[in-house]
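Spelled out from the first residue to the last, the chains are:
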Amino acid sequence: MILRIDHVGMVAANLKAAAAGLRMLTMSPDEHDIVATYDVECQFWRREGDPTAIEIVTPAGPSSQVSGHLRRSGPGLHHVAFEVDDIVAELAVLRARGAVLVDDEPRPGGQPGLRIAFVHLGPATGLLVELVQYAEPRVRPVAEVPRQREAVGG
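Scope of this entry: the structure provided in the associated data block.

Rules used in this analysis
- Residues numbered from 1 in each chain as written.
- Predicted model: local features only at pLDDT ≥ 70, side-chain atom pairs only at ≥ 80, totals over all residues.
- Heavy atoms only, no water.
- Helix = DSSP H or I, 4+ residues; strand = E, 2+ residues; numbered from the N terminus.
- Buried < 20%, exposed > 50% of the residue type's maximum accessible area, 1.4 Å probe, protein only.
- Contact = heavy atoms within 4.5 Å.
- Salt bridge = Lys/Arg side-chain N within 4 Å of Asp/Glu carboxyl O.
- Arc of directions from axis to C-beta.
- Polar contact = N/O pair within 3.5 Å; in protein donor to acceptor, adjacent residues only side chain to side chain.
- Pairing = 2+ DSSP bridges.

1. What to know about the overall build of the chain
Scanning the chain from terminus to terminus reveals three helices and nine strands. Starting at the N terminus and ending at the C terminus, the chain contains elements arranged as β-α-β-β-β-α-β-α-β-β-β-β. Counting only residues that meet the buried cut, the chain has 40% of its 154 residues in that class. Relative to all contacts within the chain whose residues are 6 or more apart in sequence, the contacts with residues 24 or more apart total 53%.

In structure tokens, the structure reads:
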């Protein structure tokens, strides 16, 4: 089950140029990591008080596993990350719906207990979806609470 949008991502050939653009939007760098499994450099940016992050992804070297999947002919945002409670189940659901799996199996993320997998929704959308599963979910699904009817007084 998808729990929430985890972050929105943008690929950039030049991390410094992308960072300058996000500074123009009054965003500040938050986290920075090199994810060796994918050979990418990731930098998260946020606005003060806003939990939503924008991640800049840049291939860190020539062997980057995602560079071919992150290319896009136009500018702007093109990948969205969703936190999920069962990453293997979500991969199966998306595969059954016709998505192209970049990762057949989840890979370790940049922090302990984090697992990630990329899925491409096809050339028509140009959208890359990143599934993120934390060791402990950040947000739990909210059960639907039945509405109580107001008593009609007489």
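2. Some words on the pattern of salt bridges
Within this structure, the stated rule accounts for six salt bridges. The shortest N-O distance in the salt bridge between Arg-4 and Glu-83 comes to 3.0 Å. On the criterion of sequence distance, the pair formed by Arg-4 in strand β1 (residues 2-11) and Glu-83 in strand β5 (residues 79-84) is long-range, its members being 79 residues apart. Residue Asp-103 pairs with Arg-107 through a salt bridge whose shortest N-O separation is 2.7 Å. The exposure class assigned to Asp-103 is buried, which follows from its relative accessible area of 2%. Overlapping salt bridges, with partners in common, bring together Arg-4, Asp-6 and Glu-83 in one network.

3. Focus on the environment of Phe-44
Tracing the backbone shows Phe-44 in strand β3 (residues 40-46). With 35 residues separating them in the primary sequence, Phe-44 and Gly-9 have C-alpha atoms 8.8 Å apart. Once residues lying within four places of it in the same chain are set aside, the contact partners of Phe-44 are His-7, Ser-28, Pro-29, Asp-30, Glu-31, Ala-53, Ile-54 and Glu-55.

4. Let's talk about helix α3 (residues 87-96)
Those residues of α3 lying buried are Ile-87, Glu-90, Leu-91 and Leu-94. Projected down its long axis, α3 carries its buried residues within an arc of 105°, all on one side. Looking at the packing, one finds that the buried side of α3 touches β1, β5, β6 (100-101), β8 (115-120) and β9 (128-133). N-capping of α3 is provided by Asp-86, with a side-chain oxygen placed 3.3 Å from the backbone N of Val-88.

5. Points about the pairing of β1
Looking at chain direction, β1 and β5 are connected through six bridges and run antiparallel. Bridge pairing links Arg-4 to Glu-83 in β5. Bridge count for β1 against strand β4 (residues 53-59) is five bridges, and the pairing is parallel. When the sheet's bridge partners are listed, Val-11 is paired in β4 with Val-57.

Read these as geometric descriptors, not functional statements.
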